[in-house]
Amino acid sequence: MNTKFKKLYLIIGITILIFIAMILLFVLFYKANKSINEYYVDDSELYTYFGNQKLEYKSHIKFSRNGSATELKVDGEDITLGNEPLYFKDKKQMIIPNNLIAVFPLQNMSQKKVNYYSIIKEENNNYYLIRDDKKIDMSNSFLYDGNDLYVFLEDTEVSIGDKTFELSAFSYLLCIYDDELYMYDYETGNKSYVNIKEENDNNVYVKSDSFLLNANFDYLKFNDKSILLSKNLESLNSIN
């Protein structure tokens, strides 16, 4: 075989190898992207609330990302989820559908981004974040969406004007600025509503052993330190 044909076969061989390598890279990228953008729950039932309506989802639940939002696919129907957690019916565990902020008042009030599809679970009265192969202690922290939603991982007391509400760990509240306050208590399943505009005082105080928070103004205080919570969670370092 002359040199000319040898060079031709070499070029063809290299081209084929490059083509195969590109296909393999595409397959690996597709699988990695799919694992990031999709999440399945096959063996548990989930529930959440939309206003006063309890929404329940049974097995074979698929989560998928659509841009910056998470959709839940059940029985062929796509449902766009808010930031509220979805609770597991059979265990003290929740899944975070969209990115949130984890706030640690006792750790110099540090704030970190919690990625979507993270699991928060209770073990021996402690709370942990689980995602992939990471397990992170969430003691004395709470979650915030940078807007209206707060999820608490310890017992709290909420007060506005002369009204007081007790919320157990794993509960959440939605405080729409100077407008409405919604609360869900995990232990009792009770839901409470306050029209802030009808109150003489628009301060919504949330108190625990770890912090004092004004949920209407997103203002956090611990000991002699106070901060305004971040509105831009994408600018924060990720916890996981």
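Residues numbered from 1 in each chain as written. Predicted model: local features only at pLDDT ≥ 70, side-chain atom pairs only at ≥ 80, totals over all residues. Heavy atoms only, no water.

Q: I'm lost on a nonpolar patch on the surface in this one. Help?
A: Together, Tyr177, Phe217, Tyr219 and Leu228 make up a nonpolar patch on the protein surface, roughly 420 Å² of accessible area in all. Positionally, Tyr177 belongs in the loop between strand S18 (172-176) and strand S19 (180-184). (Patch = residues over 30% accessible without salt bridge, like charges linked within 9 Å, V, L, I, M, F, W, Y side chains within 5 Å. Areas by Shrake-Rupley, 256 points an atom, 1.4 Å probe, with all protein chains shown as cover. Salt bridge = Lys/Arg side-chain N within 4 Å of Asp/Glu carboxyl O. Helix = DSSP H or I, 4+ residues; strand = E, 2+ residues; numbered from the N terminus.)

Q: What is the right way to read the pairing of strand S3 (residues 53-57) from this model?
A: Sheet topology note: the strand S2 (residues 46-50)/S3 ladder contains five bridges and is antiparallel. Looking across to S3, one finds that Tyr47 is bridged to Glu56. What sits between the antiparallel neighbours S2 and S3 is a turn of two residues, in which Gly51 has the positive phi angle 65°. (Pairing = 2+ DSSP bridges.)

Q: Any chance you could explain a negative patch on the surface here in plain terms?
A: Together, Asp155, Glu157, Glu166 and Asp209 make up a negatively charged patch on the protein surface. The residue Glu157 is located in strand S16 (residues 156-160) in this model. Owing to a relative accessible area of 32%, Glu157 belongs among the partly exposed residues under this scheme. (Lys, Arg positive; Asp, Glu negative; His and termini not counted. Charge placed at Lys NZ, Arg CZ, Asp CG, Glu CD. Buried < 20%, exposed > 50% of the residue type's maximum accessible area, 1.4 Å probe, protein only.)

Q: Would you mind going over the packing of aromatic side chains with me for this structure?
A: Geometry of an aromatic ring pair is reported as the spacing of the ring centres plus the angle between the planes. What the rule picks out here adds up to 21 aromatic pairs. An aromatic cluster is defined as three or more aromatic residues linked by ring pairs; in this entry it consists of Tyr47, Tyr49, Tyr87, Tyr127, Phe170, Tyr172, Tyr184 and Tyr186. (Phe/Tyr/Trp six-rings, centres within 6.5 Å; stacked < 30°, edge-to-face > 60°.)

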